[in-house]
Amino acid sequence: MNVLVCGGAGYIGSNMTAMLASQGHRPIVFDNLSKGHKEAVKGQELIEGDLADFDLLVKVLKEKKIDAVMHFAAFIEVGESVEKPLEFYRNNVCNTRTLLTAMEKTGVKKFVFSSSAAVYGMPKSVPITEDLPKEPINPYGETKWAVEQMCHFQSHTGKLNYAALRYFNAAGAGGNGTLGEDHKPESHLIPLVIAAAMGKREDIKIFGTDYPTPDGTCIRDYIHIEDLCSAHLLALEKLEKYNELVYNLGNGKGYSVRQVIETVKKVSGAFFKVVEALRRPGDPPVLTADAAKAIKELGWKVKYPQIEKIVETAWKWHSAHPNGYGK
Ligand code: UDP
């Protein structure tokens, strides 16, 4: 298939692009490079463009004979979404509406959307199943839910077949270890702990040690980037026959902040300072996925269930790219 990968120069999008190519598809990356990295596209076709540009989207969808769109281009910083909600709605919602409109106009039906566990907000029970209430607690989560709703209604017109994939904590490096995580600024736990292990940060702060969890720190579900991407390929195939698919993508296993820090210490062999800090507002104590639906319906198999393996791939990439991409 000819697949337009919106946000294909970013962390998850670049891994998806590499996997699509390795599986015989033809990925075409569409990215404005506001956050992504040209170097992460690794020689695949790149169109530098903005999702607000309706005419360009229509032209690309037609001229490149696009069969399906995968959409990873979005702002992801929760804190920033609270400060700049209108920017998040513009980029994450309005631009996705433009993309879907261009797809409708050109008759491109298949759409795989990067959603998030943030749509559940503070879930009443874990592990989280897809049918739990969607009650986001920040503008970021609201934008993801708004797009899911837009896709839901559009799919009922018969003009869209979509899969909404709700990611838990994407982590690790893929593309044979060549495609890692390089966000600026970085806010995710694993790359930050690795930065501390590499001596690039003075310390790592644990945001809250008084949570109702066994060691007092938050528990998250870390899912390897290649496992995440393999589920997208399976969902894409299924869109041949189905118009609406929704799946949680996670390991089902949770690891606490302290466990992640210990794992980085073990994998890196480095010593670094760990500081116990105050809670970060809006962090639920435990977020783990029930991914039984994806496993059953997509035949999805997770290759990296262990946090050690996930951290090892991240550690290798960061060690080989101490300043991230391209420098
Ligand atoms: N966290 C932390 N210190 C940091 C960054 C994150 O203790 O410097 C914690 C954060 O509070 C959360 C977990 O690590 O409990 C995972 O955070 P991350 O931002 O990576 O992902 P989130 O689950 O918020 O999407």
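Residues numbered from 1 in each chain as written. Predicted model: local features only at pLDDT ≥ 70, side-chain atom pairs only at ≥ 80, totals over all residues. Heavy atoms only, no water.

Asks: Give a description of the sheet that holds strand β9 (residues 219–220) that names residues and reports values.
Replies: Read from one edge to the other, the open sheet built from 3 strands follows the order β12-β9-β14, with strand pairing classed as mixed. This sheet does not close on itself; its edge strands, each paired only once, are β12 (255–256) and β14 (286–287). For β9 and β12, the ladder comprises 2 bridges, and the chain directions are antiparallel. Along β12, the bridge assignment pairs isoleucine 219 with serine 256. (Pairing = 2+ DSSP bridges. Helix = DSSP H or I, 4+ residues; strand = E, 2+ residues; numbered from the N terminus.)

Asks: Report on the side chain of threonine 217, specifying residues and quantitative values.
Replies: With respect to the helices, strands and loops of the structure, threonine 217 is situated in the loop between β8 (203–207) and β9. The buried category is assigned to threonine 217, whose relative accessible area is 0%. A distance of 3.2 Å separates a polar side-chain atom of threonine 217 from the backbone nitrogen of valine 257. Residues contacting threonine 217, with those up to four places away along its chain left out, are Ile206, Gly208, Thr209, Tyr211, Ser256, Val257 and Arg258. (Buried < 20%, exposed > 50% of the residue type's maximum accessible area, 1.4 Å probe, protein only. Polar contact = N/O pair within 3.5 Å; in protein donor to acceptor, adjacent residues only side chain to side chain. Contact = heavy atoms within 4.5 Å.)

Asks: Talk me through the sheet that holds strand β2 (residues 26–31); I want residue IDs and the actual numbers.
Replies: Strand order in this open sheet of 7 strands is β3-β2-β1-β4-β5-β6-β11, and the pairing throughout is parallel. Lying at the two open borders of the sheet, with one neighbouring strand each, are β3 (45–48) and β11 (244–249). Geometrically, the sheet is characterised by an average inter-axis angle of 20° between neighbouring strands, direction not taken into account. In the packing of helix α5 (residues 139–155) onto the sheet, contacts are made with β5 (110–116), β6 (161–167) and β11, and the angle to β5 comes to roughly 155°. Contacts from helix α7 (residues 225–238) reach β1 (2–6), β4 (68–71), β5, β6 and β11 within the one sheet, and its direction differs from that of β11 by about 165°. (Axes fitted to C-alpha atoms, helices over the stretch in contact; angles between N-to-C directions.)

Asks: Now, about the site of the ligand: what can you tell me, with residues and values included?
Replies: Residues in contact with the ligand amount to 15 residues; listed here are only the nearest, Leu189, Lys205, Arg220, Arg280 and Asp283. In this structure, leucine 189 approaches the ligand through a main-chain N or O atom, which is 2.8 Å from an oxygen atom. Arginine 220 places a polar side-chain atom, nitrogen or oxygen, 2.8 Å from an oxygen atom of the ligand. Burial of the ligand by the protein chains amounts to 87% of its free accessible area of 520 Å². Counting residues per element, the ones that place at least two in the shell around the ligand are α6 (189–197) and β8. (Near = heavy atom within 4 Å. Areas by Shrake-Rupley, 256 points an atom, 1.4 Å probe, with all protein chains shown as cover.)

Asks: Tell me about the side chain of aspartate 31, residues and numbers included.
Replies: In this fold, aspartate 31 is placed in strand β2. There is a polar contact of 2.9 Å between the side chain of aspartate 31 and the backbone nitrogen of alanine 9.

Asks: So what's going on with the packing of aromatic side chains? Which residues, and what values?
Replies: Scanning all chains against the criterion turns up 3 aromatic pairs. Between phenylalanine 111 and phenylalanine 113, the ring centres sit 6.3 Å apart and the planes meet at 10°, which makes this aromatic pair stacked. For phenylalanine 111, a relative accessible area of 0% puts it in the buried group. Look at tryptophan 317 and tyrosine 325: their rings are 5.1 Å apart centre to centre, the planes differ by 55°, and that puts the pair in the tilted class. A single burial state applies to tryptophan 317 and to tyrosine 325, both of which are buried. The ring centre of tyrosine 247 lies 4.5 Å from the NZ or CZ of lysine 293, which sits over that ring. (Phe/Tyr/Trp six-rings, centres within 6.5 Å; stacked < 30°, edge-to-face > 60°. Lys NZ or Arg CZ within 6 Å of the ring centre and 35° of its normal.)

Asks: I'd like a description of the nonpolar core, backed by residues and values.
Replies: One broad trend across soluble globular proteins is that nonpolar side chains are buried collectively. Ranked by size, the top nonpolar core spans 31 residues in total, and within it Ile12, Leu20, Met70, Leu165, Leu249 and Trp300 carry the most contacts. Among the elements that make up this core, the one with the highest residue count is α7 (7 residues). If sequence neighbours within four positions are ignored, leucine 20 has contacts with Val3, Val5, His25, Pro27, Met70, Leu233 and Leu236. Formed by 26 residues, the second largest nonpolar core is a distinct cluster that contains Leu51, Leu61, Ile66 and Leu100. (Core = buried A, V, L, I, M, F, W, Y, C linked by side-chain atoms within 4.5 Å.)

Asks: I'd like a rundown of the environment of glycine 24, residues and numbers included.
Replies: Structurally, the position occupied by glycine 24 is in the loop between α1 (11–22) and β2. What makes glycine 24 exposed here is its relative accessible area of 64%. Here the alpha-carbon distance between glycine 24 and lysine 144, two residues 120 residues apart in the chain, equals 30 Å.

Asks: Break down the environment of valine 78 for me, with residues and values.
Replies: The topology assignment puts valine 78 in helix α3 (residues 78–83). Accessibility expressed as a relative area gives 37% for valine 78, which makes it partly exposed. Sequence separation of valine 78 and isoleucine 12 is 66 residues, and the distance between their C-alpha atoms is 17 Å. For valine 78, the residues in contact, after removing those within four places along its chain, are Asn138 and Tyr140.

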